[in-house]
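# Examination of the molecular architecture
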Amino acid sequence: MWCKDKGQIAVVLLFFFLCDAFAQPRFKGRKVIAKSQKPAVLQYVEPRVGAPQTVTAQCTDSEVIVTISPDLLGIQKPVQPSDLSMGGCGVTSPAGVQPFVIEAPLQGCGSTVEMLGAVIVYTFTLDYNPSPVDGLPIVRTNPAVVQIECQYNRLHNVSSNALNPTWVPYTSTISAEDILGFSLVIMSSDWSGPSPSNTFFLGDLINLQASVDSTNHEPLRVFVDSCVATPGSNASAPAYTFIGNNGCFLDSQLTGSNSQFVSPRVAQSVMQFQLDAFRFYGLTTSSIFITCHLKVTLASANVDPLNKDCSYNSALSQWSSVDGDNAVCSCCDTSCANPPPFRRGSGAPKHRPRRASEVSAPAGWKETISVGPLFLEQVSPLSSVSQSLSSQQDKGSAGSQFHYSILGAVVGVLAVSCVAVLFFAYRKAKGIANTKQ
């Protein structure tokens, strides 16, 4: 009888042990500290698909650590750490160290706390507000906002739809006294024809083509003498002169941009050039109008400081002429309006070639022409990191559930085996007891 009671007690104890074993794995690791070791959920405001991941965040039990790439927007335009903030907290990594790091306490730096049942969500906002280029009224990056969430027992997914702007190509053409036809056209990215859109993003290169129709004329060479960008079609302030000083591409020298004249020419009567997209600082409008002064000379005339097109190479810190004679660009750092007089040296030829500025140019061989509007979309070209992070977390969660399922199955098999063994032992002990009686 004692054996019978002992067997029943063993079965009861095993039952409680198995219940405890099943319960512990199911709730183990659900503490905030364990969950906080996963990456935070990031949500970009108005993301632009296709750019690499530039912001990552890690939540701990007491703070969030945000790592920011200098190329925050993914357009090869490094941002300044002084333009980054998170609820009033700036970059905490040492000066000159990249990538930038901001360490913020969970209950500081403008964070908000939200209770969703058993879920605690800490939300931070990373702000990027670009400052204008030194001494110029322009910026080449859009403001950006990244929301960062440390949340537990909850996944967050963000999606966005790409913008599909449509526009009829705009070409501005003027005929000068029925003699020459000047043209300024916004071209497609491969220069195959007019651009199908006048909408650009910061970081894009805007292709422009100036040309002259010299039908029934001797060969002519066209020059882009100056170009000014304004937010409106009139000459309203602010205005940014990106080509000046008689054909010097000033923008690449002033801002270190990729703006340039395309060399070599596709034809003497055509000048192609690329402008690194920008917007005007402090203005809500995203439109830009471009007004250029074009002029032509005889193709047989040599270029000179007054008739040239020169690009600046930031890497080499030097000017270069589209037409090969770099000496005519030497005045781009000073003033080309008054070129030095020609002096005949002892070894100089008796007759020098005529400068283009000395060739009598008929009226109508120059024209001021405008094109626009161009629209700079107020969209941060940021990658949809939230989608990739959520996908990774979904996969991690699915993997964890799969592991728990396997563990539960193994424990279940072991439990059934133990119950079966104890049951047979109990039956055997009962049989022996009945035999003795």
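Below: a short report on this structure. Not measured: the values here are computed from a predicted model.

## Digging into the state of the cysteines
A full pass over the atoms with the stated rule returns six disulfides. At a sulfur-sulfur separation of 2.0 Å, the disulfide partner of Cys 248 is Cys 332. Judged by the sign of its S-S torsion, about -80 degrees, the bond between Cys 248 and Cys 332 is left-handed. One end of the pair, Cys 248, is in strand β16 (residues 248-249); the other, Cys 332, is in the loop between β22 (318-321) and β23 (366-376), and 84 residues separate them in sequence. Both residues of the pair, Cys 248 and Cys 332, count as buried. Note on cysteine connectivity: Cys 331 is disulfide-linked to Cys 336, with sulfurs 1.9 Å apart. One quick way to see it: the torsion about the S-S bond of Cys 331 and Cys 336 is about 100 degrees, and its sign makes the bridge right-handed. Since its relative accessible area comes to 1%, Cys 336 is described here as buried. Take the cysteines of the chain that form disulfides and number them in order along the sequence; they join up as 1-4, 2-3, 5-7, 6-11, 8-9, 10-12.

## Overview of the nonpolar core
Among soluble globular proteins, nonpolar side chains are generally buried collectively. Counting residues in hydrophobic clusters, the biggest one holds 65 residues, and the most contacted among them are Val 64, Val 66, Val 224, Phe 242 and Phe 273. Sort the elements by how many residues they give to this core and strand β20 (residues 287-298) lands first, with six residues. Apart from the residues lying within four places of it in its own chain, the contact partners of Val 66 are Val 55, Thr 56, Ala 57, Met 86, Phe 100, Val 101, Ile 102, Leu 126 and Ile 148. The next biggest cluster of nonpolar side chains, apart from the first, holds 12 residues, and it includes Cys 248, Val 303, Cys 310 and Tyr 312.

## Remarks on the environment of Val 228
Following the sequence through the fold, Val 228 ends up in strand β14 (residues 220-230). Accessibility expressed as a relative area gives 25% for Val 228, which makes it partly exposed. Measuring from C-alpha to C-alpha, the distance between Val 228 and Ala 239 comes to 6.5 Å, with 11 residues separating the pair along the chain. In this structure, Val 228 is in contact with Ala 239, Tyr 240, Thr 241, Phe 242, Phe 289, Ile 290 and Thr 291, ignoring residues within four places of it in sequence.

## Considerations on the sheet that holds strand β5 (residues 100-105)
The strand order across the open sheet built from three strands is β2-β3-β5, with neighbouring strands paired in antiparallel fashion. Two strands close off the open sheet at either side, each with one partner strand: β2 (55-59) and β5. Between one strand axis and the next, the sheet turns by 15 degrees as a mean value, whatever way the strands run. Where strand β3 (residues 63-68) and β5 come together, six bridges link them in antiparallel fashion. Along β5, the bridge assignment pairs Ile 68 with Phe 100.

## Description of the packing of aromatic side chains
Within the structure shown, the criterion is met by seven aromatic pairs. Considering the side-chain rings of Tyr 240 and Phe 278, the 5.3 Å spacing of their centres and the 85 degrees angle between planes classify their relative orientation as edge-to-face. Of this pair, Tyr 240 sits in strand β15 (residues 240-244) while Phe 278 sits in the loop between β18 (270-276) and β19 (279-280), placing them 38 residues apart in sequence. An angle of 80 degrees between the planes, with centres 5.8 Å apart, marks the rings of Phe 278 and Phe 280 as edge-to-face. Assessed through its relative accessible area of 3%, Phe 280 is described here as buried. Clustering of aromatic rings is evident, with ring pairs tying together Phe 242, Phe 249, Phe 261 and Phe 273. Across the ring face of Phe 223, the terminal group of Arg 265 is positioned such that the distance to the ring centre comes to 5.3 Å.

About the criteria used
Residues numbered from 1 in each chain as written. Predicted model: local features only at pLDDT ≥ 70, side-chain atom pairs only at ≥ 80, totals over all residues. Heavy atoms only, no water. Disulfide = S-S within 2.5 Å. Helix = DSSP H or I, 4+ residues; strand = E, 2+ residues; numbered from the N terminus. Buried < 20%, exposed > 50% of the residue type's maximum accessible area, 1.4 Å probe, protein only. Core = buried A, V, L, I, M, F, W, Y, C linked by side-chain atoms within 4.5 Å. Contact = heavy atoms within 4.5 Å. Pairing = 2+ DSSP bridges. Axes fitted to C-alpha atoms, helices over the stretch in contact; angles between N-to-C directions. Phe/Tyr/Trp six-rings, centres within 6.5 Å; stacked < 30°, edge-to-face > 60°. Lys NZ or Arg CZ within 6 Å of the ring centre and 35° of its normal.

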